[in-house]
Amino acid sequence: MGKFRGWHIVAGIAAMVLTGILGTAMGLNNTATFMSSCVAFVAVSLWFDSRISRRRREVAREVARETARRDAARDDTDEARESAPGLAFDADSPKRDGHGS
């Protein structure tokens, strides 16, 4: 879906056009056709927006779980290094990721 944030609007306009065509084909007057098209626009755009939001939340949860898993594994390896006897650490180790002296 990329960076474009207006997919729910595009889906709503498509539903509005389709409803307008169907309303005209069914013989509804212009007011009824327009009102049904507006209702379809609102319904479809809200539904589509909720689906997009749900997908983004699920992806964010998966990223958070994966990050927590990696952090837990990193903490386990750091504890193993600290508790291993006989290993010397460099006094001038780099200060990346909050590690080092």
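Look a little higher up for the structure.
Let me sum up the structure you'll find in this document.

**Some thoughts on the overall build of the protein**
Turning to step 1, where the next piece is worked out: Helix and strand counts for the protein stand at two helices and zero strands.
Turning to step 2, where the next piece is worked out: Looking at the 101 residues of the protein, the share that counts as buried comes to 14%.
Turning to step 3, where the next piece is worked out: A fraction of 50% describes how many contacts in the protein between residues 6 or more apart in sequence connect residues 24 or more apart.
Turning to step 4, where the next piece is worked out: Carbon together with sulfur atoms contributes 61% to the accessible area of the protein, which is approximately 8200 Å² in total.

**Examining the side chain of S37**
Turning to step 1, where the next piece is worked out: Within the fold, S37 resides in helix α2 (residues 30-83).
Turning to step 2, where the next piece is worked out: Classification of S37 as buried rests on a relative accessible area of 5%.
Turning to step 3, where the next piece is worked out: What S37 contacts, discounting residues up to four positions off in sequence, is M16, T19 and G20.

**Quick look at the pattern of salt bridges**
Turning to step 1, where the next piece is worked out: Taken as a whole, this structure holds three salt bridges when the rule is applied.
Turning to step 2, where the next piece is worked out: If you follow the salt bridges from partner to partner, you end up with E66, R69 and R70 in one network.

Calculation notes
- Residues numbered from 1 in each chain as written.
- Predicted model: local features only at pLDDT ≥ 70, side-chain atom pairs only at ≥ 80, totals over all residues.
- Heavy atoms only, no water.
- Helix = DSSP H or I, 4+ residues; strand = E, 2+ residues; numbered from the N terminus.
- Buried < 20%, exposed > 50% of the residue type's maximum accessible area, 1.4 Å probe, protein only.
- Contact = heavy atoms within 4.5 Å.
- Areas by Shrake-Rupley, 256 points an atom, 1.4 Å probe, with all protein chains shown as cover.
- Salt bridge = Lys/Arg side-chain N within 4 Å of Asp/Glu carboxyl O.

Any functional reading would require information beyond the geometric quantities listed.
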